[in-house]
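# An overview of the molecular structure
Chain by chain, the residues:
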Amino acid sequence: MVVPLKPLALAKSRLAAAAGPLVRPRLALAFAQDTVAAALACPAVRDVSVVTDDPVAALTLGAVGARIVPDAPARGLNAALAHGARAVRARRPGAPVATLNADLPALRPAELSRVLAAAAEFPRAFLPDAAGIGTTLLSAAPGVELRPAFGGASRRRHLLSGAVEIRLDGVRSVRQDVDTGEDLRAAVELGVGPRTAERWAVDVRAAGGAGG
């Protein structure tokens, strides 16, 4: 599993109105910690490679159990994902590979298992986000190039690229990424992991952000 994470100072810019400039990087890191921990707890996931150049994120997520892959291309999200996929296959040639957003703090290992099982039926497959516009997961079978097209209306781009859309009920935690205060409230209602729950209580709710 490949998880991309941009420098924390730049991450989750759309949360600034709900969380403030000091809280936002802490939230981004908490989201990533809970996402990586849940992915590592999924029996279908062999390991998690986090592509990042942020030293704090690298240290923190490495402690959770992730492999850290420096963002050598430094050319944006999709280049980072392709680089991470190549790093995975350099260790295990011919392995299937999947990418997962770093902002899925309500992620459930059992739901991720269901999504990965469905994805394994196709050469390339993806799961749309809760809004039905973006993408939270993209997979590629052994020997198949990942060809990520994340950012903005990525659902349409992944469809046009030939990837199969995964249609499953009961996998909300794998679809609920967090870009806005409204997204954060939705994730909290689903039940977020311990790091995000702490940040929500200490940094957001206590300060009256994200709707209190």
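Residues numbered from 1 in each chain as written. Predicted model: local features only at pLDDT ≥ 70, side-chain atom pairs only at ≥ 80, totals over all residues. Heavy atoms only, no water.

What follows covers the overall build of the chain. When helices and strands are counted, the chain shows nine helices and seven strands. Each principal axis of the C-alpha atoms in the chain carries an extent, and together these give about 50 × 35 × 30 Å. Burial statistics for the chain: of 212 residues in total, 54% are counted as buried. At a minimum sequence separation of 6, the contacts of the chain that also span at least 24 residues come to 63%. Carbon and sulfur atoms make up 56% of the accessible area of the chain, which totals about 9,400 Å². Positive and negative charge centroids in the chain, built from 26 and 19 side chains respectively, lie 4 Å apart. (Helix = DSSP H or I, 4+ residues; strand = E, 2+ residues; numbered from the N terminus. Buried < 20%, exposed > 50% of the residue type's maximum accessible area, 1.4 Å probe, protein only. Contact = heavy atoms within 4.5 Å. Areas by Shrake-Rupley, 256 points an atom, 1.4 Å probe, with all protein chains shown as cover. Lys, Arg positive; Asp, Glu negative; His and termini not counted. Charge placed at Lys NZ, Arg CZ, Asp CG, Glu CD.)

Now for the pattern of salt bridges. Taken as a whole and judged by the stated rule, the model has eight salt bridges. A salt bridge links Asp103 to Lys12; the nearest nitrogen and oxygen atoms lie 2.6 Å apart. Here Asp103, found in the loop between strand 4 (97–100) and helix 5 (109–119), pairs with Lys12, found in the loop between strand 1 (2–4) and helix 1 (16–19); they are 91 residues apart in sequence, far enough to count as distant. You can call Asp103 buried: its relative accessible area is 6%. Residue class for Lys12 comes out buried when judged on its relative accessible area of 17%. Two residues, Arg92 and Asp47, come together in a salt bridge whose shortest N-O distance is 2.9 Å. Taken as a pair, Arg92 in the loop between helix 4 (77–91) and strand 4 and Asp47 in the loop between helix 2 (23–40) and strand 2 (49–51) lie far apart in primary sequence, 45 residues in all. Residue Asp47 is classed as buried on the basis of its relative accessible area, which comes to 9%. A cluster of three or more residues bridged by salt bridges with shared partners is formed by Asp47, Arg67, Arg91 and Arg92. (Salt bridge = Lys/Arg side-chain N within 4 Å of Asp/Glu carboxyl O.)

What follows covers the layout of surface pockets. Empty space within the largest pocket amounts to approximately 1,000 Å³. Of all the elements in the fold, those that place two or more residues in the lining of the largest pocket are helix 2, helix 4 and helix 8 (181–190). Of the residues assigned to the lining of the largest pocket, the class counts are 16 nonpolar, twelve polar and eleven charged. Its volume calculated, the second largest pocket comes out at about 340 Å³. What lines the second largest pocket is a set of 19 residues, and nearest its centre among them are Ala44, Pro96, Val97, Ala98 and Leu116. If you list the elements that add at least two residues to the lining of the second largest pocket, you get strand 4, helix 5 and strand 6 (135–140). Here the lining of the second largest pocket is built from residues that sort into 15 nonpolar, one polar and three charged. (1 Å grid on protein atoms, 1.4 Å probe; cavity = no way out; pocket = protein on both sides within 12 Å on 5 of 7 lines; lining within 4 Å. Points joined across faces, edges and corners; volume = space filled by probe spheres on them. Nonpolar A, V, L, I, M, F, W, Y, C, P; charged D, E, K, R; others polar.)

Glancing now at helix 2. In a regular helix each residue adds 1.5 Å, so 18 residues correspond to 26 Å; helix 2 covers 26 Å between its end C-alpha atoms and thus fits that length. Here helix 2 lies mainly inside the structure; 15 of its 18 residues are buried. (Expected span 1.5 Å × (residues − 1).)

In short, geometric facts, not functional conclusions.
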